[in-house]
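Chain by chain, the residues:
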There are 2 protein chains.
Amino acid sequence: MLALSTYVSALLGGLTKLCENHPMSDDKNSYHHGDLRNALLQAAAQQIREQGVDKLSLRAVARAAGVSATAPYRHFEDKNRLLVALAVEGYQQLREETAAAVDPTQSAAEGLIAVGLAYIEFALRRPERYKLIFGPVIHERQAYPELQESGFAALQVVVALAERGIASDEFVDTDPFLIANSCWAKVHGIASLAIDGFYDCAPIPSQQQFFRELLLLQLTGVVRSK
Amino acid sequence: MLALSTYVSALLGGLTKLCENHPMSDDKNSYHHGDLRNALLQAAAQQIREQGVDKLSLRAVARAAGVSATAPYRHFEDKNRLLVALAVEGYQQLREETAAAVDPTQSAAEGLIAVGLAYIEFALRRPERYKLIFGPVIHERQAYPELQESGFAALQVVVALAERGIASDEFVDTDPFLIANSCWAKVHGIASLAIDGFYDCAPIPSQQQFFRELLLLQLTGVVRSK
DNA sequence: GCTCCTATGTTTGCACTGTAAACATGCTAG
DNA sequence: CTAGCATGTTTACAGTGCAAACATAGGAGC
């Protein structure tokens, strides 16, 4: 009887190995999950994508991972910590996607436009993730240095472009950090306003084109050059 | 006696009209509060200011107003509705403060800078209110047209400046709506990033000066004019 | 090979939240 | 004076984040 139960549990263990499409996929049949931390992150990401970032509940995440309500606390001190981890992940994606948008054979100005559009596209494609990254969802951001670090890393893409533009005399000779922040702030503002639906009912023929013109204006300036 | 009480209550009615600083102060000693709606808004505003926007609880607001937990539902269908009301209020403040910053005798460009700085100052002085207005705190913004209306009203200050600049040949001849949005996005981006502490540990001598330079760059452009 | 430690789970419990439903109260119009 | 209605209250429920105590298994040391 004891032997039987052992056998059964082993059998079940084998079975779970076969019919795995949901995240665990380990030989662990019960209890120790194997890779819960990642499973939680993944479940949380999906939940955010589908239901919005402020509807995210730790308990629901745990439920989705097939685990008890307080299990996540073994891997994240806080709900906030989970969010921070997701945000850092988001910053990295953002950095990758914007970096991928710049073509070194193009001019620095074209590069800025491309990065800006990629940034906005990212924000509109993953609005909830974007809100998580920048919005006030995460409490006490300053308590998590990794957040600001990955933020700065994302900014670095733009700084590099600014440096290139200055070096090639394409841009005005200012602090590249200033130029980068100028562009970033602009793009961030556009993305936020777009997500919040400010451009939805505006009399705009094409959003894409509108964004491009906004970005161009950033480069050429508003004041008529005399 | 009946006549007297009527008289007294009329007198008090006249008085409340005069000496209104705190919300209640009515002849109503209990039950019907008098002006609960405003009291709730005020209490909520304070709570947001002091504890942060995402810590706001309707029950705590009710408690602060000295009223039962569900009383607010007689005045706001939702917690969200309360937040919307506060956000609209915030937009109006924002519009007033930015409008007050523009001096008609100045150039349009100087006006844009002044408005931008006033905007950023507003955001930094009332960060939680600002987060409420723009952040993802309010759900389904598009369901509340008054939100977008007051948002557009705030934008109108900038549009007017853009029109003035274009008319006086100070600015390039583009759609004023485009210029206004360009400036607004920029300023909004700066404010958001500043609130999120992105500039806190940056190597910046003076924040104020940094903001001014960022805004100036918006006007003059990044690309070297040939 | 046995035992204990520790990492990782679970259960239980608490204080709190938003909100629905039913009930109470008192101003006001008929 | 009274009926109705706006505005309160009480009660209840499902859901939340999290702390504390308990359970389990896999691996380190004997």
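Residues numbered from 1 in each chain as written. Chains lettered and ligands numbered in written order. Predicted model: local features only at pLDDT ≥ 70, side-chain atom pairs only at ≥ 80, totals over all residues. Heavy atoms only, no water.

The immediate surroundings of DNA strand D are formed by 24 residues, with R59 of chain A together with S68, T70, R74 and H75 of chain B found nearest. Each atom of DNA strand D within 4 Å of the protein was assigned to sugar, phosphate or base; sugar and phosphate come to 45%. In the model, a phosphate oxygen of DNA strand D is placed 2.9 Å from a nitrogen or oxygen of the S57 of chain A side chain. T70 of chain B has a polar side-chain atom sitting 2.5 Å from a base oxygen of DNA strand D. The element best represented in the surface near DNA strand D is helix α3 (residues 58-64) of chain A, accounting for 3 residues. Grouping the constituent residues of the surface near DNA strand D by class yields 8 nonpolar, 9 polar and 7 charged. (Near = heavy atom within 4 Å. Polar contact = N/O pair within 3.5 Å; in protein donor to acceptor, adjacent residues only side chain to side chain. Helix = DSSP H or I, 4+ residues; strand = E, 2+ residues; numbered from the N terminus. Nonpolar A, V, L, I, M, F, W, Y, C, P; charged D, E, K, R; others polar.)

On to the protein's contact with DNA strand C, then. Among the 24 residues in the neighbourhood of DNA strand C, the closest are listed as S68, T70, R74 and H75 of chain A together with R59 of chain B. Per the 4 Å cut-off to the protein, sugar and phosphate atoms form 47% of the nearby atoms of DNA strand C. With respect to DNA strand C, the side chain of R74 of chain A contributes an N or O atom lying 2.3 Å from a base oxygen. Between DNA strand C and R74 of chain B there is a distance of 3.2 Å, counted from a base nitrogen to a side-chain nitrogen or oxygen. Residue contributions to the surface near DNA strand C peak at 3 residues, all from helix α3 (residues 58-64) of chain B. Here the residues of the surface near DNA strand C are counted per class, giving 8 nonpolar, 9 polar and 7 charged.

Listed by partner, the interface residues are 49 residues for chain B and 49 residues for chain A. Note on chain B versus chain A: buried area summed over both sides is about 4600 Å², and carbon and sulfur give 67% of it. Three residues stand out in chain B for area buried against chain A, namely F198, V222 and R224 of chain B, and they jointly supply 15% of the buried area on that side. Where chain B packs against chain A, one counts 2 salt bridges. For D169 of chain A, the salt bridge is made with R224 of chain B, and the minimal N-O distance between the two is 3.8 Å. Taken together, the connections running from chain B to chain A amount to 18 residue pairs in polar contact (both at pLDDT 80 or more). For the side of chain B that touches chain A, the secondary structure elements donating two or more residues are α6 (127-134), α7 (145-167), α8 (176-195) and α9 (207-220) of chain B. (Contact = heavy atoms within 4.5 Å. Buried area = accessible area lost by both parts, 1.4 Å probe. Salt bridge = Lys/Arg side-chain N within 4 Å of Asp/Glu carboxyl O.)

Another point: helix α7 (residues 145-167) of chain A. Residues and elements named next belong to chain A. With 23 residues, α7 ought to run about 33 Å at 1.5 Å a step, and its terminal C-alpha atoms sit 31 Å apart, in line with that. The principal kink in α7, of about 30 degrees, is found at Q156. Looking one or two residues beyond α7, the residue adopting positive phi is D169, at roughly 65 degrees. (Expected span 1.5 Å × (residues − 1). Bend = angle between axes of the 7 residues up to and from the residue.)

Right, let's get into the side chain of N181 of chain B. Relative to the helices and strands, N181 of chain B is located in helix α8. Residues within four places of N181 of chain B in sequence aside, it is in contact with Y199, F210 and L214 of chain A together with L155 of chain B.

Attention shifts here to the side chain of Q148 of chain B. Along the chain, Q148 of chain B falls in helix α7. The buried category is assigned to Q148 of chain B, whose relative accessible area is 15%. Discounting chain neighbours no more than four positions away, the residues touching Q148 of chain B are D196, G197 and C201 of chain A together with Q142 of chain B. (Buried < 20%, exposed > 50% of the residue type's maximum accessible area, 1.4 Å probe, protein only.)

So, on to helix α2 (residues 36-51) of chain B. Residues and elements named next belong to chain B. Taking 1.5 Å as the rise per residue, α2 with 16 residues should run 22 Å; its terminal C-alpha atoms sit 22 Å apart, in good agreement. Here α2 has its buried residues at L36, A39, L40, L41, A43, A44, A45, Q47 and I48. For α2, the secondary structure elements touched by its buried residues are α3, α4 (79-101) and α6. A positive backbone phi angle near 95 degrees is found at G52, which sits one or two residues after α2.

L132, F134 and Y199 of chain A together with L132, F134, Y199 and F211 of chain B are the most contacted members of the largest nonpolar core, which has 147 residues in total. Excluding anything up to four places from it in sequence, Y199 of chain B contacts N181 and A185 of chain A together with I190, L193, A194, I204, Q207, F210, F211 and L214 of chain B. (Core = buried A, V, L, I, M, F, W, Y, C linked by side-chain atoms within 4.5 Å.)

According to the stated counting rule, one finds 14 salt bridges over all chains in the structure shown. Between E128 of chain B and K131 of chain B there is a salt bridge whose closest N-O contact spans 3.5 Å. Residue E128 of chain B and its partner K131 of chain B are located together in helix α6, separated by 3 residues, close to a single helical turn. For E128 of chain B, a relative accessible area of 17% translates into the label buried. Overlapping salt bridges bring together E97, E121, R125 and R126 of chain A as one network.

Let us now look at unusual backbone geometry. Apart from glycine, the bulk of residues carry a negative phi angle, and the bulk of peptide bonds sit in the trans form. Residues and elements named next belong to chain A. In the Ramachandran plot, E140 falls in the positive-phi region, its phi being about 50 degrees despite a non-glycine side chain. Although it is not a glycine, D169 adopts a positive phi angle of roughly 65 degrees. Tracing the chain through its elements places D169 in the loop between α7 and α8 (176-195).

The next subject is the relation of the copies chain B and chain A. With an axial shift of 0.0 Å and an RMSD of 0.0 Å, the rotation relating chain B to chain A amounts to 180 degrees. Viewed as a symmetry operation, the transformation between the two copies matches a two-fold axis. Mapped onto chain A, 100% of the interface residues of chain B again fall at the interface, so both copies present the same surface. (Least-squares fit on C-alpha atoms with pLDDT ≥ 70 in both.)

Turning next to the packing of aromatic side chains. Counting across every chain of the model gives 20 aromatic pairs over all chains. Judged by centre distance (4.9 Å) and plane angle (50 degrees), the rings of Y130 of chain A and F134 of chain A are tilted. With Y130 of chain A and F134 of chain A both in helix α6 (residues 127-134) and 4 residues apart, the pair spans about one turn of that helix. The pair Y130 of chain A / F134 of chain A is uniform in exposure class, with both members buried. Ring pairs connect the aromatic residues Y91, Y119, Y130, F134, F152 and W184 of chain A together with F198 of chain B, which therefore count as one cluster. (Phe/Tyr/Trp six-rings, centres within 6.5 Å; stacked < 30°, edge-to-face > 60°.)

Such coordinate-based values are descriptive only and should not be taken to indicate function.
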